Amino acid sequence: MKAKRFMLCVTLAFLAGLLAYSAIQRKHTFTLSNEDGGVKAEQIQPLFGTVRVSGDSDTDVVFTDVETGEKYTIGYITHGMTEKIKLERGRWYSVAGSGNLTVKPINVRVE
């Protein structure tokens, strides 16, 4: 009887964790839209150490640290492709690239 309760508790904890992760991903996903067809730049802050980027056009994606000016580049992404990049948590970065870029999990600076 104790083994069944233990398995039930483990299963419920796993499902709760999965729901929490899903909610965080949904809330902290942002699409940088590109209506004018040029290169855009927005400021983002990574929620965790890794940021995932996908886009709808072939582009290089450049993250520039707002304070130091140091650049981090994802060399080339194509439509439907997702790439990861490690950035320092808690720092602000400007993101530059063409097309519609979906970046997650992040906070966005609205000015």
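Structure's up top.
What counts, and where the lines are drawn
- Residues numbered from 1 in each chain as written.
- Predicted model: local features only at pLDDT ≥ 70, side-chain atom pairs only at ≥ 80, totals over all residues.
- Heavy atoms only, no water.
- Helix = DSSP H or I, 4+ residues; strand = E, 2+ residues; numbered from the N terminus.
- Salt bridge = Lys/Arg side-chain N within 4 Å of Asp/Glu carboxyl O.
- Phe/Tyr/Trp six-rings, centres within 6.5 Å; stacked < 30°, edge-to-face > 60°.
- Buried < 20%, exposed > 50% of the residue type's maximum accessible area, 1.4 Å probe, protein only.
- Pairing = 2+ DSSP bridges.
- Axes fitted to C-alpha atoms, helices over the stretch in contact; angles between N-to-C directions.

Chemist: Help me understand the environment of Lys2, please; the structure alone is not making it clear to me.
Modeler: Within the element layout of this structure, Lys2 appears in helix H1 (residues 2-27). Placed 99 residues apart in sequence, Lys2 and Leu101 show a C-alpha to C-alpha distance of 49 Å.

Chemist: Would you explain the pattern of salt bridges in this entry?
Modeler: Oppositely charged side chains may form a pair once their charged atoms are brought near each other. What the rule picks out here adds up to two salt bridges. Two residues, Arg91 and Asp65, come together in a salt bridge whose shortest N-O distance is 2.9 Å. Of this pair, Arg91 sits in the loop between strand E6 (82-86) and strand E7 (93-97) while Asp65 is found in strand E4 (residues 59-65), placing the two residues 26 residues apart along the sequence. Here the salt bridges do not stand alone but share partners, grouping Asp65, Glu67 and Arg91 into one network.

Chemist: What am I meant to see in the packing of aromatic side chains here?
Modeler: One pair of aromatic rings is described through two measures. These are the centre distance and the angle between the planes. Counted according to the given criterion, the structure contains one aromatic pair. With centroids separated by 5.9 Å and ring planes inclined at 75°, the aromatic side chains of Tyr72 and Tyr93 adopt a geometry described as edge-to-face. In this pair, Tyr72 is assigned in strand E5 (residues 71-77) and Tyr93 in strand E7, connecting sequence segments 21 residues apart. Under the relative-accessibility criterion, Tyr72 is labelled partly exposed at 26%.

Chemist: Would you explain the sheet that holds strand E8 (residues 101-104) in this entry?
Modeler: In sheet architecture, strand pairing relies on hydrogen bonds along the backbone and comes in two forms, parallel and antiparallel. Read across the sheet, four strands follow the order E1-E8-E3-E6 without closing on themselves; strand pairing throughout is antiparallel. Every other strand in the sheet has two partners, leaving strand E1 (30-32) and E6 as the edge strands with one partner each. The mean inter-strand angle of the sheet, taken between neighbouring strand axes irrespective of direction, is 25°. Where strand E3 (residues 50-55) lies against E6, five bridges are found, and the strand directions are antiparallel. Within the sheet, the bridge partner assigned to Ser54 lies in E6 and is Thr82.

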